[in-house]
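Chains, contacts and geometry: an overview
Okay, here's what each chain looks like letter by letter:
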Amino acid sequence: DPWQNEDDVVRGTNDDATISRMSAATLGYIDDPYVRFFVKKPIRRPPIINRGSYIRYQALNHVVQRFLQSGDASSKKQIVSLGAGFDTRYFLLKAGKIPVSGVNFKYFEIDFPEMIAKKASIIRRRTELATMLDSPTVGMCSGNAERGGMELGSADYALIGGDLRHWDNIADRLAYHGFQSDAPTLFISECVLIYLAPEDSQNILKWITENTQSCLFLLYEQILPDDAFGKVMIRNLKLRNIELKGIHAYPTLDTQVQRFKQLSWHDVHAVDINTLHDHPSSQEEMKRISQLELLDELEEWRLLAAHYCVALASKSANEGVSEIKL
Ligand code: SAM
């Protein structure tokens, strides 16, 4: 579509992510009863994509759960999801699908105002979702009223509209919605920083480094753009005008680790999806998902899984959060 600008294309990547989660939920890989509210036209994904969605879902939710349960349960913890799109994790936590009973937390989600407006409107229309919110309030995003940029706030949930490339503005919105720099915080980037130029993503990490006390960063994104599979992956995205701006700056597990080490973060690990797949926390679960669909493209699966990394970084050593491992 010649009328689509670069940002529209990036926003469109959220549809892919949501449709893949819906496919995995429908087939029984993951237990997400809420994703369907965000999908207009479901598409069944091939087995290797569903398996990838499963591993990603398990790995990230495991960290979220461990983080929320770490330290003193009654002390407030924060999660900030950068480029959250139509992620449903907040609702999974509220419904006990990711069990963390009795934990005091606030969940912030950031995305472009257009995305946040859409998400807020879906949430308000769906009783199943709306009733999970605790005294919600609605407001305009700064500067985007004419584009219908509606934010949504509640006691433990805030949807914030803004552009990650203008982080100062986002930092103001976070503060407005009650972000506390002294509360332990988990930042999540699930296929997001990779769309930003390296200077923009490092600018965000630098702000986090300088403005929070105890924090973790959980990152999931593509790596290895230069081997044969990686080149095809990049070319297929280019055909859809999608550019992974960050991938050449952080092309390997080691460079992903270094982006945090450079800022003197204390503890950083990065693994690919093959490693997570080959060391499951539950053999029974692996048996269960292997019975859902036949996965006969094992070689293709291994190649695909080698091109996605999960990194977990902890800024400081003293808060107990650095004990969380992937
Ligand atoms: N994290 C979600 C998930 O994993 O399902 C969505 C991932 S989607 C591939 C990338 C998301 O990042 C989109 O929702 C997009 O709008 C958002 N995004 C990308 N660049 C952004 C920017 N500069 N400012 C705000 N959001 C951005």
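Going by an unreviewed UniProt entry, the chain carries the name Leucine carboxyl methyltransferase 1 and comes from Umbelopsis vinacea.

A count of helical and extended segments in the chain gives 12 helices and 9 strands. Computed over C-alpha atoms, the radius of gyration of the chain comes to 19 Å, within 12% of the 20 Å expected from 2.2 N^0.38 for 326 residues, which places it in the range of a compact globule. Each principal axis of the C-alpha distribution contributes one length, and for the chain these read about 50 × 50 × 40 Å. Here the chain, with 326 residues, has 40% of them falling under the buried criterion.

Right, let's talk about the site of the ligand for a bit. Around the ligand sit 19 residues in total, of which Asn14, Ala17, Gly83, Gly85 and Glu190 are the nearest. Ranked by the residues each element gives to the shell around the ligand, the list is headed by helix 1 (residues 6-26), at 5 residues. Class assignment of the residues belonging to the shell around the ligand gives a composition of 9 nonpolar, 4 polar and 6 charged.

Take the packing of helix 1 against helix 2 (residues 47-69) next. For any two helices packed against each other, the geometry is given by the interaxial angle and the distance between the axes. Packing of helix 1 against helix 2 brings their axes to within 9 Å, and their N-to-C directions diverge by 95 degrees. Viewed along their axes, helix 1 and helix 2 adopt a mutual orientation that is roughly perpendicular. Where helix 1 approaches helix 2, its residues Ser20, Arg21, Ser23 and Ala24 are matched on the opposing element by Ile49, Asn50, Ser53, Tyr54 and Tyr57. Classifying every residue of the contact of helix 1 with helix 2 by side-chain character gives 4 nonpolar, 4 polar and 1 charged.

One turn of the α-helix equals 3.6 residues, which is why residues spaced by three or four share an orientation. Taking 1.5 Å as the rise per residue, helix 2 with 23 residues should run 33 Å; its terminal C-alpha atoms sit 33 Å apart, in good agreement. Once helix 2 finishes, Gly71 follows within two positions and takes phi at roughly 60 degrees, a positive value.

With that settled, consider helix 1. Taking 1.5 Å as the rise per residue, helix 1 with 21 residues should run 30 Å; its terminal C-alpha atoms sit 31 Å apart, in good agreement. On its buried face, helix 1 sits against helix 2 and helix 4 (113-125). Count one or two residues on from helix 1 and you reach Gly28, which has phi positive near 95 degrees.

Take the pairing of strand 1 (residues 77-82) next. Along any regular strand, the residues point their side chains to alternate faces of the sheet. Most of strand 1 sits inside the fold, with 6 of its 6 residues counted as buried. Residues Lys77, Ile79 and Ser81 line one face of strand 1 and the alternating positions Gln78, Val80 and Leu82 line the opposite face, and both faces are buried. Relative to strand 2 (residues 105-111), strand 1 runs parallel, the two being bridged by 6 bridges. Bridge pairing in strand 2 places Ile79 opposite Tyr107.

Next up on the list: the confidence of the model for the chain. Per-residue pLDDT for the chain has a mean of 92; in total, 93% of the residues score no lower than 70. Confidence estimates for the predicted assembly give a pTM of 0.95 and an ipTM of 0.99.

Looking at the secondary structure, you find Ile223 in the loop between strand 7 (215-222) and helix 8 (228-239). Residues Ile223 and Asn61 lie 162 residues apart in sequence; the distance between their C-alpha atoms is 21 Å.

In this section: unusual backbone geometry. In this structure, Cys191 takes a positive phi of about 55 degrees despite not being glycine. With respect to the helices, strands and loops of the structure, Cys191 is situated in the loop between strand 6 (185-190) and helix 7 (198-211). Here Cys191 falls in the partly exposed class, since 19 other C-beta atoms lie within 10 Å of it. You will see that Leu224, though not glycine, has its phi angle at about 55 degrees, which is positive. Position of Leu224 among the secondary structure elements: in the loop between strand 7 and helix 8.

On to the environment of Leu205. Here Leu205 lies in helix 7. Given 21 C-beta atoms within a 10 Å radius, Leu205 is considered buried. With 18 residues separating them along the chain, Leu205 and Phe187 place their C-alpha atoms 9.7 Å apart. Among residues more than four places away in sequence, those in contact with Leu205 are Arg259 and Leu263.

With that settled, consider the packing of helix 2 against helix 12 (residues 298-306). Interaxial distance between helix 2 and helix 12 falls to 10 Å at its minimum, and their mutual angle equals 40 degrees. Considered as vectors, helix 2 and helix 12 are oriented oblique to each other. Seen from above, helix 2 lies across helix 12 with right-handed handedness. Contact residues: helix 2 offers Ile48, Arg51 and Gly52, while helix 12 offers Glu300, Trp301, Leu304 and Ala305. Among the residues forming the contact of helix 2 with helix 12, the class breakdown is 4 nonpolar, 1 polar and 2 charged.

In this section: the environment of Ala73. Its place among the elements puts Ala73 in the loop between helix 2 and strand 1. Each C-alpha atom, one on Ala73 and one on Ile19, is 34 Å from the other, the two residues being 54 residues apart in sequence. If near-sequence neighbours (up to four positions away) are discounted, Ala73 is found in contact with Gly102 and Val103.

Definitions and limits used
- Residues numbered from 1 in each chain as written.
- Predicted model: local features only at pLDDT ≥ 70, side-chain atom pairs only at ≥ 80, totals over all residues.
- Helix = DSSP H or I, 4+ residues; strand = E, 2+ residues; numbered from the N terminus.
- Rg over C-alpha atoms; globule rule 2.2 N^0.38 Å.
- Buried ≥ 20, exposed ≤ 12 C-beta atoms within 10 Å, placed from the backbone.
- Near = placed C-beta within 6 Å.
- Nonpolar A, V, L, I, M, F, W, Y, C, P; charged D, E, K, R; others polar.
- Axes fitted to C-alpha atoms, helices over the stretch in contact; angles between N-to-C directions.
- Parallel < 35°, antiparallel > 145°, perpendicular 65-115°, else oblique.
- Contact = placed C-beta atoms within 7 Å.
- Expected span 1.5 Å × (residues − 1).
- Pairing = 2+ DSSP bridges.
- pLDDT = per-residue confidence, 0-100.
- Left-handed = near helix turned anticlockwise from the far one by under 90°.

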